[in-house]
Amino acid sequence: MNPDDLKVKILGIVGTPIKDGNCQYLLKEALDAAEGLGRVETELVHIKDYNIEYCIGCDKCLRRVHKLQKEVGFHVIPVPVKDYNCTIKDDMEIIHKKILGADGIILAAPVYIGTIPGQVKTFIDRCRTFVHDYRLNGKVAAPMTVAFFRNAGSDTALQAMTLSLLALGLTIVSIGAPSVSTREGLGVPIRETRFAVKEDLLGMTAARVVGSQVAQSALQMKAGRLALDASGTGKVG
Ligand SMILES: Cc1cc2nc3c(=O)[nH]c(=O)nc-3n(C[C@H](O)[C@H](O)[C@H](O)COP(=O)(O)O)c2cc1C
């Protein structure tokens, strides 16, 4: 493959009930930085736009994966699961497709009572198939968060997202961007602007770094995979 043809897609996922809010603004900053590298296409999805039911714990995704593993061998990754592997037929089908089509994922969620909002946990739980089928192997990811206060749950939210993304089989390439949506992170609202997070120099800088890190790593991963494939040493994922 001609190296000039190398391109990656970065999917940004916003997990807050607020449309056009601070998380969306922060994530857009990261995606713009990613696009700035060139060779990078981005898409932003807002989970509020999708109907996502709770996981019902039926274990059927897991059982389908195990059945396939018995056929192809337990060492084979990714497990050759075809298409959408969840019994609940709702909008997660659309999001699974977008995740599978991306080379990198950035998940942005606000701090709610010291951690991530329930909607984001519901979204993550509905990705359970990926924990077992390794279809996200070789894709990269990073978390981002916005809070009122500088030290009131940002670390916990970032850690919760990091561990979940790792569990889904993604490679975490950044510690993530913590940011605040109040003046100096002291909890004092900034009324002059709709997106108070844009006044947070540290948070906005971290967002651009996250976007660049995810895009760079996705490009490196893809280039490495293509080089291995081309070398004839065998297909790796
Ligand atoms: C239910 C709820 C709980 C919150 N809990 C915290 C918290 O524990 N710590 C904090 O710093 N901010 C907390 N916040 C503030 C949000 O993190 C903050 O408003 C953030 O900017 C929301 O991002 P958004 O505009 O993208 O929705 C909470 C907000 C809500 C609505």
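Look up: the structure comes first, before these words.
Definitions and cut-offs
- Residues numbered from 1 in each chain as written.
- Predicted model: local features only at pLDDT ≥ 70, side-chain atom pairs only at ≥ 80, totals over all residues.
- Heavy atoms only, no water.
- Helix = DSSP H or I, 4+ residues; strand = E, 2+ residues; numbered from the N terminus.
- Rg over C-alpha atoms; globule rule 2.2 N^0.38 Å.
- Buried < 20%, exposed > 50% of the residue type's maximum accessible area, 1.4 Å probe, protein only.
- Contact = heavy atoms within 4.5 Å.
- Areas by Shrake-Rupley, 256 points an atom, 1.4 Å probe, with all protein chains shown as cover.
- Lys, Arg positive; Asp, Glu negative; His and termini not counted.
- Charge placed at Lys NZ, Arg CZ, Asp CG, Glu CD.
- Near = heavy atom within 4 Å.
- Polar contact = N/O pair within 3.5 Å; in protein donor to acceptor, adjacent residues only side chain to side chain.
- Nonpolar A, V, L, I, M, F, W, Y, C, P; charged D, E, K, R; others polar.
- Core = buried A, V, L, I, M, F, W, Y, C linked by side-chain atoms within 4.5 Å.
- Pairing = 2+ DSSP bridges.
- Axes fitted to C-alpha atoms, helices over the stretch in contact; angles between N-to-C directions.
- Parallel < 35°, antiparallel > 145°, perpendicular 65-115°, else oblique.
- Left-handed = near helix turned anticlockwise from the far one by under 90°.

## Let's talk about the overall build of the protein chain
For the protein chain, the count of helices and strands is seven helices and six strands. Tracing the protein chain from N to C terminus, the helices and strands come up as β-α-β-α-α-β-α-α-β-α-β-β-α. Relative to a compact globule of 237 residues, whose C-alpha radius of gyration would be 18 Å, the protein chain shows 18 Å and is just as compact. Across its three principal directions, the C-alpha atoms of the protein chain cover 60 × 45 × 25 Å. In the protein chain, which comprises 237 residues, the share counted as buried stands at 46%. In the protein chain, of all internal contacts separated by at least 6 residues, the share reaching a separation of at least 24 is 79%. Carbon and sulfur atoms provide 56% of the accessible area of the protein chain, an area that totals close to 11900 Å². Distance between charge centres in the protein chain, computed from 29 positive and 25 negative side chains, equals 5 Å.

## A look at the site of the ligand
Close to the ligand lie 15 residues, the nearest being Thr16, Cys23, Val111, Ile113 and Ser181. The contact in question runs from an oxygen atom of the ligand to an N or O atom on the backbone of Phe149, over 2.9 Å. Going through the elements one at a time, helix H1 (22-36) and strand S4 (140-147) are the ones with two or more residues in the shell around the ligand. Residue composition of the shell around the ligand, by class: 11 nonpolar, four polar and no charged.

## Structural notes on the nonpolar core
One finds Ile13, Ile95, Ile99, Ile105, Leu107 and Phe123 to be the most contacted residues of the largest nonpolar core, which totals 32 residues. Residue assignment for this core shows that the elements contributing at least two residues are strand S1 (8-14), helix H3 (92-100), strand S3 (104-110), helix H4 (118-125), S4 and helix H6 (154-167). Considering each element in turn, this core owes the most residues, four residues, to H6. Other than its neighbours up to four places away in sequence, Ile105 contacts Leu11, Ile13, Ile99, Val140, Ala141, Ala142, Leu170 and Val214. Counting residues in hydrophobic clusters, the runner-up holds 27 residues, among them Leu6, Ala177, Met204 and Ala218.

## Observations regarding the pairing of S4
Burial analysis of S4 places eight of its eight residues in the buried class, which makes it a mostly covered element. The alternating pattern of S4 places Val140, Ala142, Met144 and Val146 and Ala141, Pro143, Thr145 and Ala147 on opposite faces, both of which are buried. Pairing analysis gives seven bridges linking S3 to S4, with the strands arranged parallel. Counted as the bridge partner of Ile106 is Ala142 from S4. As paired strands, S4 and strand S6 (residues 177-180) are joined by four bridges and run parallel to one another. Paired with Met144 across the bridge in S6 is Ala177.

## What to know about the packing of H1 against helix H7 (residues 201-231)
Packing of H1 against H7 brings their axes to within 7 Å, and their N-to-C directions diverge by 45°. Our classification of the angle between H1 and H7 gives oblique. In this structure, H1 crosses over H7, and the sense of that crossing is right-handed. Contacts from Tyr25, Leu26, Glu29, Ala30, Ala33 and Ala34 of H1 reach H7 at Gly203, Met204, Ala207, Arg208, Gly211, Ser212 and Ala215. Looking at the contact of H1 with H7 residue by residue, the class counts come to eight nonpolar, three polar and two charged.

## Brief notes about the environment of Asp59
Positionally, Asp59 belongs in the loop between strand S2 (40-46) and helix H2 (60-72). You can call Asp59 partly exposed: its relative accessible area is 29%. A sequence separation of 16 residues divides Asp59 from His75, and the C-alpha atoms of the two residues are 21 Å apart.

## Looking at the side chain of Thr182
Here Thr182 shows up in the loop between S6 and H7. For Thr182, the side chain forms a polar contact with the main-chain nitrogen of Gly187, separated by 2.9 Å. In this structure, Thr182 is in contact with Phe148, Gly187, Val188, Pro189 and Ile190, ignoring residues within four places of it in sequence.

## What to know about unusual backbone geometry
Trans is the common state for peptide bonds, and a negative phi is the common state for residues other than glycine. Here Ile77 and Pro78 are connected by a cis peptide whose omega angle stands at -5°. For Asp20, which is not glycine, the phi dihedral falls at a positive 55°. Relative to the helices and strands, Asp20 resides in the loop between S1 and H1. Not every positive phi belongs to a glycine, and Tyr134 is a case in point at roughly 60°. Turning to its location among the elements, Tyr134 is positioned in the loop between helix H5 (128-133) and S4. On the basis of relative accessible area, Tyr134 is assigned to the partly exposed category, the value being 35%.

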